[in-house]
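Examining the three-dimensional arrangement
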Amino acid sequence: MADLEIRPLTQADRAAWEPLWAGYLTFYRTSVAPEVTDTTWARLMDPAEPMNVLGCFDGPELIGIVHFIFHRSTWTIGPYCYLQDLFTVEAARGRGAGRSLIEAVYDRARQEGASRVYWLTHESNATARALYDKVADQPGFIQYRKAL
């Protein structure tokens with residue numbers, strides 16, 4: 001996939017983004033209300049928000065998305081970058097789209113002065129973990145959460 005284009009999505013890309021967003025949610029066997037999707041898109045499009053979205057295009061077709069968020073840390077002066085959601089269409093998996101999106105987030109994080117990009121994935125996500133093991137370190141932290 002040598003001719004991939006990575007770029008920020010624009011308002012005009014919403015119709016192409018929504019099926020990938022839905023695919024991501026389906027992959028993790030979850031769903032969100034339509035108003036959450038609307039709010040997420042609005043935040044991704046708002047330059048005042050710390051949320052960002054990049055798309056991976058193969059010609060005119062959107063084949064992958066990544067959402068990422070910059071936030072402050074008590075451990076650094078500059079921000080951290082949380083890569084929140086990464087999804088590629090099935091046909092693009094193993095062909096460089098995911099890696100290209102991650103590398104693009106790394107570039108943006110460097111530009112913003114971030115000292116770290118980090119993310120989570122489910123332990124059963126073997127396909128993604130094979131890529132993640134090549135492009136990042138797994139520090140061994142365990143996530144705890146409580147739904148409120």
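Our structure is the block above this text.
Attention in this report is confined to the structure presented alongside it. Since we're looking at a predicted model, the values are computed, not measured.

Side note on the environment of Phe57
Along the polypeptide, Phe57 turns up in strand β2 (residues 51–58). Take Phe57: its relative accessible area is 5%, and that puts it in the buried class. Sequence separation between Phe57 and Trp75 is 18 residues; the distance between their C-alpha atoms is 36 Å. If we skip the residues at most four places from it in the chain, Phe57 touches Asp3, Leu4, Glu5, Arg7, Leu9, Asp13 and Leu62.

Observations regarding the sheet that holds strand β4 (residues 80–88)
Across the sheet, 5 strands lie side by side as β1-β2-β3-β4-β5; this open sheet has mixed pairing. Across the chains shown, the open sheet's two edge strands, defined by having one partner strand only, are β1 (4–8) and β5 (116–118). On average, adjacent strands in this sheet sit at an angle of 25° to one another, irrespective of strand direction. When β2 meets strand β3 (residues 61–71), the two strands line up antiparallel, connected through 8 bridges. Following the sheet pairing, Asn52 is matched in β3 by Phe68. Seen against the sheet, helix α2 (residues 34–45) touches β2 and β3 and runs at an angle of roughly 90° to β2. Its contacts with the sheet place helix α3 (residues 97–111) against β1, β2, β3, β4 and β5, and it is angled at close to 160° to β4.

Digging into helix α1 (residues 14–27)
For α1, with 14 residues, the first-to-last C-alpha span of 20 Å sits near the 20 Å given by 1.5 Å per residue. Within α1, burial applies to Arg14, Trp17, Leu20, Trp21, Gly23, Tyr24 and Leu25. Among the structural elements, α2, β2, β3 and β4 are those in contact with the buried residues of α1. Looking at the residues trailing α1, positive phi occurs at Arg29, about 55°.

Brief notes about unusual backbone geometry
In this model, Arg29 sits at a positive phi of 55°, which is unusual for a non-glycine residue. Looking at the secondary structure, you find Arg29 in the loop between α1 and α2. Classification of Arg29 by relative accessible area gives exposed; the value is 80%.

A short note on the side chain of Asp13
When you line up the elements, Asp13 lands in the loop between β1 and α1. Ignoring any residue separated from it by four or fewer positions in sequence, one finds Asp13 in contact with Arg7, Pro8, Trp41 and Phe57.

Notes on the nonpolar core
Ranked by size, the top nonpolar core spans 23 residues in total, and within it Val66 and Ile102 carry the most contacts. Those elements that provide at least two residues to this core are β2, β3, β4, α3 and α4 (126–135). Among the elements that line this core, the one with the most residues is α3, at 7 residues. The residues contacting Ile102, other than those within four sequence positions of it, are Leu83, Leu86, Trp119, Leu131, Tyr132 and Val135. Formed by 16 residues, the second largest nonpolar core is a distinct cluster that contains Met45, Met51, Ile65 and Phe87.

Focus: the pairing of β4
If a strand is regular, its side chains alternate between the two faces of the sheet. Burial within β4 is extensive, with 8 of its 9 residues counted as buried. As paired elements, β3 and β4 share 8 bridges and run antiparallel to each other. Across the sheet, the residue bridging to His71 is Tyr80, located in β4. As paired elements, β4 and β5 share 3 bridges and run parallel to each other. Bridge assignment links Tyr80 to a residue of β5, and that residue is Arg116. Between the parallel pair β4 and β5, the chain is carried across by α3, and the sense of this crossover is right-handed.

Cut-offs and rules
- Residues numbered from 1 in each chain as written.
- Predicted model: local features only at pLDDT ≥ 70, side-chain atom pairs only at ≥ 80, totals over all residues.
- Heavy atoms only, no water.
- Helix = DSSP H or I, 4+ residues; strand = E, 2+ residues; numbered from the N terminus.
- Buried < 20%, exposed > 50% of the residue type's maximum accessible area, 1.4 Å probe, protein only.
- Contact = heavy atoms within 4.5 Å.
- Pairing = 2+ DSSP bridges.
- Axes fitted to C-alpha atoms, helices over the stretch in contact; angles between N-to-C directions.
- Expected span 1.5 Å × (residues − 1).
- Core = buried A, V, L, I, M, F, W, Y, C linked by side-chain atoms within 4.5 Å.
- Right-handed = clockwise from strand over helix to strand, strands pointing away.

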